[in-house]
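# Observations on chain architecture
Listed below, chain by chain, are the residues.
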Amino acid sequence: MTLGKRMVVQEAVDQKDGILIRLWEELRHNPAVIIANIALSVPGFLMARFSGQSNQAWTLRQELGVHATRLIIRRPATKVRAISSLSGHRAYWTCGEPLEKIEVNKGAEGSWEGWWIGKPIDPLSGLTILYAHGGGFVMGDALMHARPLSHIIRTLKTQYGIETRILSVEYPLSPEAKYPAALDTMERAYKWLVDVNEAKRVVLGWDATTATSAEALACPDYIGPSHGREYAQHYLGVDPATASSLVTNPFVFPIYGDFTRAGLAKMPMLIVGGGSEIMRYDLEEFAAKMRDEGVRVQLELEPHMVHVYCMLGDFLGEDISRKGLAHIIDFLGRHY
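Residues numbered from 1 in each chain as written. Predicted model: local features only at pLDDT ≥ 70, side-chain atom pairs only at ≥ 80, totals over all residues. Heavy atoms only, no water.

### Some details on the packing of helix 5 (residues 146-160) against helix 11 (residues 318-335)
- Direction vectors running N to C along helix 5 and helix 11 enclose 50°, while the axes themselves pass 10 Å from each other. Judged by the inter-axis angle, helix 5 sits oblique to helix 11. Pair helix 5 / helix 11 crosses with right-handed handedness. Here Arg 147, Pro 148, His 151, Ile 152, Thr 155, Leu 156, Gln 159 and Tyr 160 of helix 5 lie close against helix 11, whose contacting residues are Glu 318, Arg 322, Leu 325, Ile 328, Ile 329, Asp 330, Leu 332 and Gly 333.
- Looking at the contact of helix 5 with helix 11 residue by residue, the classes come out as eight nonpolar, four polar and four charged. (Axes fitted to C-alpha atoms, helices over the stretch in contact; angles between N-to-C directions. Helix = DSSP H or I, 4+ residues; strand = E, 2+ residues; numbered from the N terminus. Parallel < 35°, antiparallel > 145°, perpendicular 65-115°, else oblique. Left-handed = near helix turned anticlockwise from the far one by under 90°. Contact = heavy atoms within 4.5 Å. Nonpolar A, V, L, I, M, F, W, Y, C, P; charged D, E, K, R; others polar.)

See below:
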């Protein structure tokens, strides 16, 4: 193992230990709350499952996965970071693709960092995906979905012969860093890819963040409207319901964007979501608006599935996760 690789591995171990310490502190200081949440969720799950009140289209594993995820994120968003970050540290050892941490302009104004997922490619002929992880801008990390992202890399190579590398950006989280800090970081990462890395074929990929539709109340997702409001308030620094200028800002809510003016008609877009997710109606409205403005958009809603189901193979099962990933792989294979 080279010195550089040993340093990266040691840094990952140190970060992992730090996450585990924070998780232990959370358990140590709030054991009654966590134990009570688990104890209360089990009878509720069993009653819903066997009384016919749950989503009968879900397998037992999928319903358990939804309940487990709901249990994790029912607490305030900033208190879930230690738990949600564990997935990223687990992925470091299990994703199956080389990982390389990068730090640009470290210590200087405008610095940012992220992770390369996959082997180095020819920036002129290979496909580079610039990826922003989910978590409502308040939790998660750049490696939280490294396993499904690695599956995309491998399958594009075997099925389409496309060499792919993904740059997952470690953008600053809210409420410590409010809008537009995360957006500015993603813009700097894109400019670095194009100007410094000289990537010619760049695809933007991201997980959704918050929901704005009142109709989402009826969806049996693991996140609810209260989470969307909480995340949005952390991200914006104000209650979005009282900040009319932000609510109509297309950089906050893209539904208000002018896609003809942005020149997106030449760029195909794919949206993958769940038929039972909180953002379903937002996704449908967003896709319809883009079609009206000439954008070639493909909307894939998997019946009965929840938010970002294609990234939740550990909870919902790899079969349903890869069904969603197949839409992404096919889209990239056809268009790029």
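After that view of the structure, there is still more to cover.
### Thoughts on helix 11
- The end-to-end C-alpha distance of helix 11 is 25 Å, a good match for the 26 Å that 18 residues give at a rise of 1.5 Å each.
- Roughly 25° is the biggest bend found in helix 11, and it falls at Gly 324.
- Where helix 11 is concerned, the buried positions are Ile 320, Ser 321, Gly 324, Leu 325, Ile 328, Ile 329, Phe 331, Leu 332 and Gly 333. (Expected span 1.5 Å × (residues − 1). Bend = angle between axes of the 7 residues up to and from the residue. Buried < 20%, exposed > 50% of the residue type's maximum accessible area, 1.4 Å probe, protein only.)

### Brief notes about the packing of aromatic side chains
- Evaluated as defined, the whole model comprises seven aromatic pairs.
- When the ring of Tyr 179 is compared with that of Tyr 235, the centres are 5.8 Å apart and the planes differ by 70°; the resulting orientation is edge-to-face. Taken together, the residues Tyr 179 in the loop between strand 4 (164-169) and helix 6 (181-195) and Tyr 235 in helix 7 (residues 225-236) connect sequence positions 56 residues apart.
- The partly exposed category is assigned to Tyr 179, whose relative accessible area is 22%.
- With 5.6 Å between their ring centres and 65° between their planes, Phe 259 and Phe 286 make a pair best called edge-to-face. (Phe/Tyr/Trp six-rings, centres within 6.5 Å; stacked < 30°, edge-to-face > 60°.)

### Details of the nonpolar core
- Counting 55 residues, the largest nonpolar core has Ile 117, Ile 152, Tyr 222, Met 290, Leu 316 and Leu 332 as the members making the most contacts within it.
- Of all the elements in the fold, those that place two or more residues in this core are helix 3 (60-73), helix 4 (81-94), strand 2 (112-117), strand 3 (127-132), helix 5, strand 6 (269-274), helix 9 (280-292) and helix 11.
- Here this core gets six residues from one element, more than from any other, and that element is helix 11.
- Within the second largest apolar cluster, 22 residues are counted, among which are Phe 137, Tyr 171, Leu 246 and Val 252. (Core = buried A, V, L, I, M, F, W, Y, C linked by side-chain atoms within 4.5 Å.)

### A look at the sheet that holds strand 1 (residues 99-104)
- The strand order 1-2-4-3-5 describes an open sheet built from five strands, whose pairing is mixed. Of all the strands in the sheet, the pair left with one neighbour each is strand 1 and strand 5 (202-206). Along the sheet, successive strands turn relative to each other by an average axial angle of 25°, direction set aside.
- The pairing of strand 3 with strand 4 spans six bridges and is parallel. Note that in strand 4 the partner of Thr 128 across the bridge is Arg 165.
- Across the sheet, helix 6 touches strand 1, strand 2, strand 3, strand 4 and strand 5, and the angle it forms with strand 3 is around 170°. (Pairing = 2+ DSSP bridges.)

### As for the confidence of the model for the protein chain
- Averaged over every residue, the pLDDT of the protein chain is 80; residues scoring 70 or more account for 76%.
- Mean pLDDT values over the elements of the protein chain span from 42, in helix 1 (residues 3-29), up to 98, in strand 4.
- Between residues 1-34, whose pLDDT stays under 50, and residues either more than four places distant or in other chains, the model counts 31 contacts.
- Below pLDDT 50 for its whole length, residues 210-218 participates in 15 contacts with residues either more than four positions away or in separate chains. (pLDDT = per-residue confidence, 0-100.)

### Topic: unusual backbone geometry
- A cis amide bond links Ser 174 to the next residue, Pro 175, at an omega of 10°.
- Looking along the chain, the bond that leaves Tyr 179 and enters Pro 180 is cis, with omega of 10°.
- Positionally, Pro 180 belongs in the loop between strand 4 and helix 6.
- Positive phi, close to 55°, is recorded for Asn 105, a residue that is not glycine.

### Looking at helix 9
- The end-to-end C-alpha distance of helix 9, which contains 13 residues, comes to 18 Å, matching closely the 18 Å that a straight helix rising 1.5 Å per residue would cover.
- Residues Asp 282, Leu 283, Phe 286, Ala 287, Lys 289 and Met 290 constitute the buried set of helix 9. The buried residues of helix 9 all sit within an arc of 160° when viewed along its axis, so they share a single face.
- Next to the buried residues of helix 9 lie strand 6 and strand 7 (297-302).
- Downstream of helix 9 by one or two residues, Gly 294 has phi in the positive range, about 90°. (Arc of directions from axis to C-beta.)

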